[in-house]
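Observations on chain architecture
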Amino acid sequence: MRQGSIDVGDLAKLEEQPQDRPRYEVRPRDVLLVEGHANPHQIGRCAIVPPEHAGLLYQNHLFRLRFDGAVPEFAQMWLNSQYVRKYWLSRCATSSGLYTINSRLLGDVPFPMLSIQEQEGVVGINSAVGQRIAALERVLDKVQIAESALAADALRQVGAAGLCLDSVATVAAGVTLGSEPVGDGTVELPYLRVANVLDGRIDTTDVKTVRIVKTQYERYALRKGDLLLTEGGDLDKLGRGAVWDGRIDECLHQNHVFRVRCGEQMLPDFLALYTASPEGRAYFQRVGKQTTNLASINSTQVKQMPVPVPPVEEQRRLLGPVHAARERAAVLQQQIAKLRTIQQGVIEDLLSGRSRVNRT
């Protein structure tokens, strides 16, 4: 027993290393917890056994917790919280690259001293917000399906591809990483790599920097409206791309990301629509070079890609319904992200004791 908390071992029966079926079958609402993982941030993560999995056995690298002094759903939330994550990271052992925890450490995990009623209140709050998020996610799924259908319909209206891409856009490779220059004639700037370019969007949550000679800046610089296409990856992801929105000033691109800059005949969003279409994907997969575990395309293949080139005004008209669906999807994604932030903050406050559950 500790001030403000008790230990998990006082509330749950811990089992590990299954040896016979009757003893080590799981029941609904049992909590299974990861005992070891190569990534220390993955150890200790847990989940509740659903009714449909009753009677299955669990692996010897999992702990089974069967609570009789706590609400299992609350226990799962607590064990997955940032507080218990810090507990594992400060105590886990490693050997041969594998991080592990043992039953003694698990039994000593501090557990908040909340009544069953208070635990159920926390679970209820979390469930209510989760249901709202799930409802918005269902709407988002429908909007994204509609967006795909609208994109396909737009491309059907323009017919077959005619001109090569390099007749309506310029294609350039990015900065090569390696030995970086130093001295007064250099600058350190952010750059986008393959990991930043996702299907239809650019992820800037983890942007690296590179040092280049100042005179090379224009050669690798991105402008708002540039289409970025990946040079390598899994065959089905080859040539995935998104239009750069210019959210980072003076940003470059890596040599494994092609920069496609459209001329007056082609709108970047329309070109992105085509490169992401089944026809565009099929072209990249057909010309891509497949190695043992990686596929790649080169700049010549990108330049030679056949693309449809309807009049610019026609491109705008066709993009209209697609953009409307995307804007609706973006609003839903922002609402979902906001709710997740609120949910996390409320739950963390309740788990930490900064807030209390209203019992009325």
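Scroll up a little and you will see the structure.
A short tour of the structure in this document, coming up.

What counts and how
- Residues numbered from 1 in each chain as written.
- Predicted model: local features only at pLDDT ≥ 70, side-chain atom pairs only at ≥ 80, totals over all residues.
- Heavy atoms only, no water.
- Buried < 20%, exposed > 50% of the residue type's maximum accessible area, 1.4 Å probe, protein only.
- Helix = DSSP H or I, 4+ residues; strand = E, 2+ residues; numbered from the N terminus.
- Pairing = 2+ DSSP bridges.
- 1 Å grid on protein atoms, 1.4 Å probe; cavity = no way out; pocket = protein on both sides within 12 Å on 5 of 7 lines; lining within 4 Å.
- Points joined across faces, edges and corners; volume = space filled by probe spheres on them.
- Axes fitted to C-alpha atoms, helices over the stretch in contact; angles between N-to-C directions.
- Parallel < 35°, antiparallel > 145°, perpendicular 65-115°, else oblique.
- Contact = heavy atoms within 4.5 Å.
- Nonpolar A, V, L, I, M, F, W, Y, C, P; charged D, E, K, R; others polar.
- Core = buried A, V, L, I, M, F, W, Y, C linked by side-chain atoms within 4.5 Å.
- Phe/Tyr/Trp six-rings, centres within 6.5 Å; stacked < 30°, edge-to-face > 60°.

1. Section: the pairing of strand β12 (residues 186-192)
For a regular strand, the rule is simple: side chains alternate between the two faces of the sheet. Burial of β12 is extensive: five of the seven residues sit out of reach of the surface. One ladder, built from six bridges, connects β12 with strand β15 (residues 208-213); its direction is antiparallel. When the sheet's bridge partners are listed, Y191 is paired in β15 with K208. Here β12 runs beside strand β19 (residues 252-253); their pairing, made up of two bridges, is parallel. Bridging across to β19, L192 finds its partner in H253.

2. Some details on the layout of surface pockets
Taken as a whole, the largest pocket spans an internal volume of roughly 1,400 Å³. In terms of lining residues, the largest pocket is bounded by 48 residues, among which E147, D199, G200, R201 and R326 are the most central. Looking at the lining of the largest pocket, the elements with two or more residues in it are α5 (116-156), β14 (201-202), β18 (241-243), α7 (268-275), α8 (278-287) and α10 (312-352). The element contributing the most residues to the lining of the largest pocket is α10, with nine residues.

3. Topic: the packing of α5 against α7
Axis separation between α5 and α7 bottoms out at 10 Å; the angle between their running directions is 100°. One way to sum up the angle between α5 and α7 is to call them roughly perpendicular. When α5 is examined against α7, the residues A151, A154 and L155 are found in contact with a partner set consisting of F270, L273 and Y274. A class-by-class count of the residues in the contact of α5 with α7 yields six nonpolar, no polar and no charged.

4. Some words on the nonpolar core
Grouped together as the largest cluster of nonpolar side chains are 30 residues, with contacts concentrated most on L165, V260, L271 and V307. At the level of secondary structure, the elements contributing two or more residues to this core comprise α5, β11 (169-172), β16 (227-230), β20 (257-262), α7, α8 and α10. Looking at this core, the element that brings in the most residues is α7, giving five residues. With near-sequence residues (within four places) excluded, L165 lies in contact with V171, V260, L271, V302, K303, M305 and V307. Membership of the second largest hydrophobic core comes to 29 residues, among which are I43, F63, Y87 and I347.

5. Focus: the packing of aromatic side chains
Applying the stated criterion to the full structure yields six aromatic pairs. The interplanar angle of 15° and the centroid separation of 5.8 Å between the aromatic rings of W78 and Y83 together place this pair among those described as stacked. According to the relative accessible area criterion, Y83 is partly exposed, its value standing at 25%. Each ring, one from Y87 and one from W88, has its centre 5.2 Å from the other, and the planes form 70°; the classification is edge-to-face. The pair formed by Y87 and W88 is uniform in burial state, with each residue classed as buried. By the ring-pair criterion, three or more aromatic residues cluster together here, those being F67, F74 and F111.

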